[in-house]
Each structure stands twice: as structure tokens, then as C-alpha cells.
Amino acid sequence: MSELTITLLRLGYLALLWVLVLSAIGVLRRDLYGTRITDRRRANRAASAAPVRPQPVDAVAVAPTPAPAASAPVRTPRAARSGSGPRKLVVTEGPLRGTIVPLGTAPVLIGRAPSCTLVLDDDYSSSRHARVFPQDGQWFVEDLGSTNGTFLADQRVDGPIPLPTGTPVRVGQSVLELQR
């Protein structure tokens, strides 16, 4: 082999070695510092404090929007239609006290994972701890196999249990309840 080929192979191996070292450092860094948890309350306050200025509209660029195509009607639970059911999930105790999650037709996932609807920064809650979901016009709470358990008014939740409005649900150090 020529000297140029050997030099290029040495440089290639050196570059590969550096890629390996840098990726190992990245893995160690993620293990040491963990997942970054963002404070959604601070982001919401900053967004609501910023003034909203109307943008100038170019008359030529604005086109009329077409009428939406006919689609199947969206079904909502009876409680949501009548207005008598709960409309929000409120954190009454714990680090996120005062946090309000508006209720719709989708389930509310509670835990430490960033993908949860209500993200708890709590050592006593699991990454996917509990779920609050609507079914047949009623709201239910379900423990998702958490280590420390979910409690509905001092009773441990083993399966899906109906969740009455105003009844406290303990998830780790936080207490939640449905409100109208």
C-alpha cells in the first residue's frame, strides 16, 4: 500500500475514534443530568404577558377560505354537552398548586414524563402514573401501575373508578380534583 493510503486510513480511524468518544460523552451527560423538565407555567405567563399586535394584511395576498367539506359530526360526552359535568382538573395541593387543565373528550395523562398532559416534578410519582378519562358521560380515574399508587379520597385505586366532582385524588405529593 502507498503511504498516502495508510495516512488516509489512520486519519479515518482517528475521526471514527473521536466520534465514538463524543457519543460516549453525550450518553454520560444525559445520564448525569437526566431529562430536562420545562416549567409550563412560566412559559404560559410569558406568552400571556406579551402584547399581541395586529399584523398588517396585504389585500392582494388574502384569499377567501373555502367552505369545509362535509364530515361526520364529532361526538361529545353528554356531560360536556349539557354543561353540568366537570370542565377542569385542578391541582389543589403540591408543587403545581393552582394549575388548571381544561377537560375535553381526550384523557388526561398524569406523571413525570414530558409526554404527559399534566407533568409532575415529583419524586413520588411515576413517569406515567395515572389517567383521568371520560366514558359514557362520566369521568374515571385509573392507576397505570405506579410504584406509590393513586388514591381517591384515601382509597387506593386498583382499576378504573368513577371520579365524582370535588373528590380529591392523590398522585404522589399532588392532590387533584375535578371542578365545574
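Residues numbered from 1 in each chain as written. Predicted model: local features only at pLDDT ≥ 70, side-chain atom pairs only at ≥ 80, totals over all residues. Heavy atoms only, no water.

S.K.: Just to check I follow, could you spell out the packing of aromatic side chains for this structure?
M.R.: The geometry of an aromatic ring pair is captured by two quantities: the separation of the ring centres and the angle between the planes. Counted by the stated rule, this structure contains one aromatic pair. Residues Phe-133 and Phe-140 carry aromatic rings whose centres are separated by 5.7 Å and whose planes lie at 15° to one another, so their mutual orientation is stacked. Since its relative accessible area comes to 7%, Phe-133 is described here as buried. A residue is classified by how much of its surface remains accessible, and Phe-140, at 14% relative accessible area, is buried. Note that Arg-131 overlies the ring of Phe-133, its terminal NZ or CZ placed 4.0 Å from the centroid. (Phe/Tyr/Trp six-rings, centres within 6.5 Å; stacked < 30°, edge-to-face > 60°. Buried < 20%, exposed > 50% of the residue type's maximum accessible area, 1.4 Å probe, protein only. Lys NZ or Arg CZ within 6 Å of the ring centre and 35° of its normal.)

S.K.: Any chance you could explain the pattern of salt bridges here in plain terms?
M.R.: Charged atoms that come close allow side chains of opposite charge to pair. If you walk through the whole model with that rule in mind, you get two salt bridges. Here Arg-170 and Glu-93 are joined by a salt bridge, their closest N and O atoms 3.7 Å apart. Separated by 77 residues along the polypeptide, Arg-170 in strand E10 (residues 169-171) and Glu-93 in strand E1 (residues 88-93) bring together distant segments of the chain. Exposure remark for Arg-170: the relative accessible area of 35% places this residue in the partly exposed category. The partly exposed category is assigned to Glu-93, whose relative accessible area is 41%. The partner of Arg-131 in a salt bridge is Glu-142, and the shortest N-O contact between them spans 2.8 Å. Within this pair, whereas Arg-131 is found in strand E5 (residues 130-135), its partner Glu-142 is found in strand E6 (residues 138-143), the two being separated by 11 residues in sequence. Looking at Arg-131, the relative accessible area reads 26%, which means it is partly exposed. (Salt bridge = Lys/Arg side-chain N within 4 Å of Asp/Glu carboxyl O. Helix = DSSP H or I, 4+ residues; strand = E, 2+ residues; numbered from the N terminus.)

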